[in-house]
Every structure is written in C-alpha cells, then in structure tokens.
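Observations on the three-dimensional arrangement
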Amino acid sequence: MVRVLLVVAIVALTLVAGAWWRSRQGRVRQSAKPDAGRTGRAGDTGHRDKGPRWADAGVDLAPRATFVQFSAEFCGPCRTTSRTLDAVRADTPGVGHVELDVDRYPVLVRQLSVLRAPTVVVLDAHGHEVARMTGAVQPRQAREALDLVPV
Amino acid sequence: MTDTAPASGAAQPGTRPGIDPRGPRFTAGITAVLLAVVLLLAGTPAALWLLLLVALSFALGVARGVQHTWQSVLFRRLVRPRLAPPEELEDPRPPRFAQVVGLVVTGVGVVLGFAGVAVAVAVAAAVALVAALLNAVFGLCLGCELYVLLRRVRPAR
C-alpha cells in the first residue's frame, strides 16, 4: 500500500513539474539594461567593454532587431523554434534570425549565461540584448519580444 | 517509411529527415509503466529482472535509434495506423540522447542491484520513471534540457 502511494506521489509531482515546465516555454523575459544609470552616456556605443562583439561571432545585425538562437545537437524544440523565427523574420521587415550551435560558440554561451537550448536572445539594432526566451517559441511570443525592441 | 532516418544527418537544420514525434513518446509511456511496476515490486528479484529488461530496451534505442526499439515497433504496428499523419517530423537525435540517459540511470540501478544494493533498483526506477513520464506526457526530454548545462561543466574543446 505504501508503495502504491509512493508511485502515485511520484507521478503526481512529475505531472505538476511538467505542467510548470510547459507553461514557461518560450516566455519572453525582458533583459536588464546593462548601462542604465551607470555611465550616463547612453548614446555611446564606441567603447563598450561589456557584451559580445556580434560581428566577431559572424552575426550580422538586422536594421531593427535580430533573433540570436542558441541551438544544440540534442534539442527537441530547437527545430520548431527555428522554423517559427524564420517565419516571423520573413513577415517582419528589418528583423534577422541567426542560429548558433552551443558547441561551436562556448565563449558566447558562457558570456551570455546560456543554460538551455533553445535560448533566443533578442538584440536591438546596436546589438544590445533586449529580451530573451528559452524553450520552444511560439510566433505570438516572438512578436511580443519584438515589441520590446525600441524603434 | 518516414519513421526510419539516419541518426546523424549533416544537412541543414529543418531539412533533415525526421521521425514521428509520437513514437518516442509512446515508447516512453510503455517504459514509464514498466518502471512503475519495478517500483511496486521493489525488493523482489522480479523488480531487478524487469529493470534489466528496461535497461536492455534503452540499450537497443542507443545502439539503433529510438525508432528501432520494440516499443516503437508496437507503435508503428498498432498505434500509428490509427492516427493521422504527424504535423511535423522530429529530429531523431534528441530522443536517442534520451535513450542514453535512460540507459545510464537504469544501468547503474541494475549493476548495483546485482551487486546486492537493493535500494539502488528502486532509486534508479524512480528517477527513470520521472524522466520517462515527462517525456511521454509533455514531450520533455530531460537529458536534452540538461545537455547544454553539462557541456558547460565539461566543454567539448
């Protein structure tokens, strides 16, 4: 009897955890503004010691916003996320989508604290991170993230 | 048949051939039921032998891909003919990686079980049951979720 209860408890807790996980898929999180209130030189992009140099990583920034998607070899939702973001990019002028493999960009992965795949970092026209999403991304969430990018 | 695909395709993401994503989830469902039975029988020799069967099934999935496990054959013969075609196909590599994780967890349980550590059988079955359930019900591959994290601890290069 105790064992049956144990199995039921494990199953119940697992279902709760799984539902929680699913509810967080692709949720848009606004990123902290790195320089706000620190230097007071908001427009200065010439000497940034923080943040990756996207051009060095082969990422061409789009005029309005760029989705930088970190994908992995063993990643179920990466494929669908890739397709979703491609569709949003095709629909939205000035938006780019770049997919990077975590195994090929370990420095970027550390620098940006990427812990899961897919992680989508949303950049503004200057390459500053505006928002990020982890897990499978829905078109609605991708557009929500784009709305956070200053025009 | 679209359910069989080479496990390592070098093509562009999205153009690679895929497998029916419901196959691995059905496989995980059967595995979860077996693991629940292992837990119910914990402490008996039957639990150990059943866990061995689960571990061997994972080994088959590791060696040949999840689409070639006996559970997947059941899916293709009995379940899939009754379902509509899948909306999209899945990359076979993530579920195969999940089979590796399952093999490691249940394999350790079997080895320790045969070495006389009876509690290891129950613990391994419980851990594997959680992972298999998440896979079956939510399509969540726990091992894949941890893959990037593990890679950060031990970088590829």
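Residues numbered from 1 in each chain as written. Chains lettered and ligands numbered in written order. Predicted model: local features only at pLDDT ≥ 70, side-chain atom pairs only at ≥ 80, totals over all residues. Heavy atoms only, no water.

With that out of the way, let us pick up the UniProt feature "domain: DUF4395" (unreviewed entry) in chain B. In the numbering used here, UniProt assigns the feature "domain: DUF4395" (unreviewed entry) to residues 19-152 of chain B. The span residues 19-152 of chain B is 77% helix and 0% strand, and its two end C-alpha atoms sit 29 Å from each other. (UniProt positions renumbered as here; feature names shortened; annotations may be inferred. Helix = DSSP H or I, 4+ residues; strand = E, 2+ residues; numbered from the N terminus.)

Residues and elements named next belong to chain B. Helix α6 (residues 142-153) packs onto helix α4 (residues 93-114) with a crossing angle of 90° between their chain directions and a minimal axis gap of 8 Å. Taken as axis vectors, α4 and α6 run roughly perpendicular relative to one another. Along the contact surface, α4 presents Pro-94, Phe-97 and Val-101, while α6 presents Gly-143, Cys-144 and Tyr-147. Its residues assigned to classes, the contact of α4 with α6 comprises five nonpolar, one polar and no charged. (Axes fitted to C-alpha atoms, helices over the stretch in contact; angles between N-to-C directions. Parallel < 35°, antiparallel > 145°, perpendicular 65-115°, else oblique. Contact = heavy atoms within 4.5 Å. Nonpolar A, V, L, I, M, F, W, Y, C, P; charged D, E, K, R; others polar.)

The next subject is the environment of B:Pro94. Its location among the elements puts B:Pro94 in helix α4. Ignoring sequence-local partners within four residues, the contact set of B:Pro94 consists of A:Glu73, A:Phe74, A:Cys75, A:Gly76, B:Cys141 and B:Cys144.

So, on to the interface of chain A and chain B. Every contact between the two is made by 31 residues of chain A and, on the other side, 34 residues of chain B. Around 3,000 Å² of area is buried between chain A and chain B when both sides are counted, 61% of it from carbon and sulfur atoms. Linking chain A to chain B there are three salt bridges. Of the charged contacts, one joins A:Arg83 and B:Glu88 as a salt bridge, the two residues approaching to 2.7 Å between their closest N and O atoms. In terms of residue count, the dominant contributor to the side of chain A that touches chain B is helix α1 (residues 2-23) of chain A (11 residues). In terms of residue class, the side of chain A that touches chain B is made up of 16 nonpolar, five polar and 10 charged. (Buried area = accessible area lost by both parts, 1.4 Å probe. Salt bridge = Lys/Arg side-chain N within 4 Å of Asp/Glu carboxyl O.)

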